[in-house]
Amino acid sequence: MNREHEVVSATGRDVLLPTYARADLTIVRGKGCRVWDDEGHAYLDFGAGIAVTGLGHRHPGVTAAAHAQLDALWHASNLYWTEPMLALAELLSDKAGGAHAFFCSSGAEANEAALKVARKATGRTRLVALEDSFHGRTLGALSVTGQPAKWEGFGPLVPGVTFARANDVESLEAAVSPGGDGAAIVLEPVLGEGGVVPLDEGFVHAAEEIAREVGALLWLDEVQTGIGRTGTFFAYEQLGLEPDLVTLAKSLGNGLPIGALLVRGDAAEAIGPGDHGATFGGNPVACAAASAVVRAVDDALLENVVARGAQLRDGLSALPAVEEVRGRGLMIAAVLDREVGPVVEASRDEGLLVLTAGPAPGVLRLLPPLVVSEAEVDRALEILAGVLA
Ligand code: PLP
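Residues numbered from 1 in each chain as written. Predicted model: local features only at pLDDT ≥ 70, side-chain atom pairs only at ≥ 80, totals over all residues. Heavy atoms only, no water.

1. Some details on unusual backbone geometry
Cis geometry is found at the peptide bond from Gly155 to Pro156, where omega equals -5°. Summarising the element assignment, Pro156 is placed in the loop between α6 (139-143) and β6 (161-164). Positioned with a positive phi, Asn254 is a non-glycine residue whose angle comes to about 55°. By the element assignment, Asn254 lies in the loop between β11 (245-248) and β12 (259-263). (Helix = DSSP H or I, 4+ residues; strand = E, 2+ residues; numbered from the N terminus.)

The structure is reproduced here in structure tokens:
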């Protein structure tokens, strides 16, 4: 280990605002589905940086695209056009039915943009969201996040938000009905941070119908489910939905910070110069990387997501300590018969990084890179079987 590095990181720990309960692990390198710590230990990364490194660490095509752009232009501002931003907008627009794109640097920022577009385009203020949902930590995104514990100490939040229970159409109707004046219904196709809870097809279709009836926009937060994670490029494709607003971030840049709002249909007409912005939005290096990501998420990769997802779900279901397995594609939760915290720690000791999710104490979340191999899934299952024995 490099001594200088050790000293620097130990000191730095004291001067970081403690917003995260970090594990005692310093990661220095990654390649494919593996990362290495500062003592040279390798880990299978089944968290993918919380659904970010979908193509694995240092994917050759994405790395080459970012390197090439680093050598050409890092930043120009949104006062001008840049080629990487235009190329990415075209790629995403093609995938999302001619959508108009707004670029930013994170999921919360993409959701802030969606919230503003929903209000401006409809002239209404009410937003309907789901209990246990997660949309980000900025005040607008936090206000539509259905987890009251995360609001504590930060109020007053953005007013005009009502919450419905996931997969409960009556509850959704009740949340929309006061005044019938909804600007948008916001849904994660699979609630991620809320416990990996897939929304039923019946529920999402009812939500789409209700939105159309009352003149609200259907806003899908695909920050975690998007870019192939659930087996289709957007999760909404397999649900047969036609959303008005789609938000993306996380794996769009495979680790470089980029978020996007895609506005489908007429809502885009409501937005003009000065309505919204972001200094770093459309950053050339992030956009060049993201275009390489979008091109790499092809049919063969999506087939791998479906096959490896089934393999992982089957393997988890066979473990006696697992009470329920749920999710879509490679966004999977295993509900355990025990506290998940010690399982995460023991897995790490055995060389496997995994995540938790949701309010329940025993939900293990697995989000491996979409490029994960059959052998890597087998190895992860072998480690989990040992830890849960
Ligand atoms: N939306 C969803 C569905 C998420 O899972 C997250 C992050 O976990 C966010 C939004 C917020 O994204 P960010 O942390 O990039 O602001």
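2. Focus: empty space enclosed by the protein
Counted by the stated rule, this structure contains two cavities of 30 Å³ or more. Reported here for the largest cavity is a volume of approximately 70 Å³. In terms of lining, the largest cavity is formed by 13 residues, of which the most central are Ser77, Asn78, Gly281, Gly282 and Pro284. Here the residues of the lining of the largest cavity are counted per class, giving five nonpolar, eight polar and no charged. Space inside the second largest cavity adds up to approximately 30 Å³. Contributing to the lining of the second largest cavity are Ala51, Gly54, Gln224, Gly226, Ile227, Arg229, Ser251 and Leu370. Of the residues belonging to the lining of the second largest cavity, the class tally is three nonpolar, four polar and one charged. Residue contributions to the lining of the second largest cavity reach at least three from each of two domains, namely domain 1 (3-58 + 298-388) and domain 2 (61-296). (1 Å grid on protein atoms, 1.4 Å probe; cavity = no way out; pocket = protein on both sides within 12 Å on 5 of 7 lines; lining within 4 Å. Points joined across faces, edges and corners; volume = space filled by probe spheres on them. Nonpolar A, V, L, I, M, F, W, Y, C, P; charged D, E, K, R; others polar. Domains from an automatic or database assignment.)

3. A few points about the pattern of salt bridges
This structure, assessed with the given rule, holds 12 salt bridges. For Arg165, the salt bridge goes to Asp168, with nearest N and O atoms at 3.2 Å. Asp168 sits in the partly exposed class, given a relative accessible area of 21%. Here Glu382 makes a salt bridge to Arg379, at a shortest N to O gap of 2.9 Å. Separated by three residues within a single helix, Glu382 and Arg379 lie in helix α13 (residues 374-387), roughly one turn from each other. (Salt bridge = Lys/Arg side-chain N within 4 Å of Asp/Glu carboxyl O. Buried < 20%, exposed > 50% of the residue type's maximum accessible area, 1.4 Å probe, protein only.)

4. A few points about the site of the ligand
In the vicinity of the ligand there are 13 residues, among which Gly107, Ala108, Asp221, Gln224 and Lys250 approach most closely. One of the backbone nitrogen or oxygen atoms of Gly107 is found 2.8 Å away from an oxygen atom of the ligand. When isolated, the ligand has an accessible area of 390 Å², and the protein chains bury 82% of it. Counting residues per element, the shell around the ligand draws most heavily on helix α5 (residues 107-122), which supplies three residues. Here the residues of the shell around the ligand are counted per class, giving three nonpolar, six polar and four charged. (Near = heavy atom within 4 Å. Polar contact = N/O pair within 3.5 Å; in protein donor to acceptor, adjacent residues only side chain to side chain. Areas by Shrake-Rupley, 256 points an atom, 1.4 Å probe, with all protein chains shown as cover.)

5. Brief notes about the nonpolar core
By size, the foremost hydrophobic cluster in this structure holds 79 residues, and its most contacted members are Phe46, Leu92 and Leu187. Sorting elements by how many residues they give to this core places helix α10 (residues 284-296) first, with eight residues. Both domain 1 (3-58 + 298-388) and domain 2 (61-296) contribute no fewer than three residues apiece to this core. With sequence-adjacent residues up to four places away left out, Leu187 is seen in contact with Leu130, Leu199, Phe203, Val204, Ala207, Leu218, Trp219, Leu220 and Asp221. One finds Ala129, Ala184, Leu261 and Ala268 within the second-largest nonpolar core, a separate group that totals 19 residues. (Core = buried A, V, L, I, M, F, W, Y, C linked by side-chain atoms within 4.5 Å. Contact = heavy atoms within 4.5 Å.)

6. Thoughts on the packing of aromatic side chains
Considering all chains together, one arrives at three aromatic pairs under this definition. Where Trp151 meets Phe163, the ring centres are 5.7 Å apart and the plane angle is 35°; that geometry is what we call tilted. Separated by 12 residues along the polypeptide, Trp151 in the loop between α6 and β6 and Phe163 in strand β6 bring together distant segments of the chain. A relative accessible area of 24% means that Trp151 is categorised as partly exposed. (Phe/Tyr/Trp six-rings, centres within 6.5 Å; stacked < 30°, edge-to-face > 60°.)

Any functional reading would require information beyond the geometric quantities listed.
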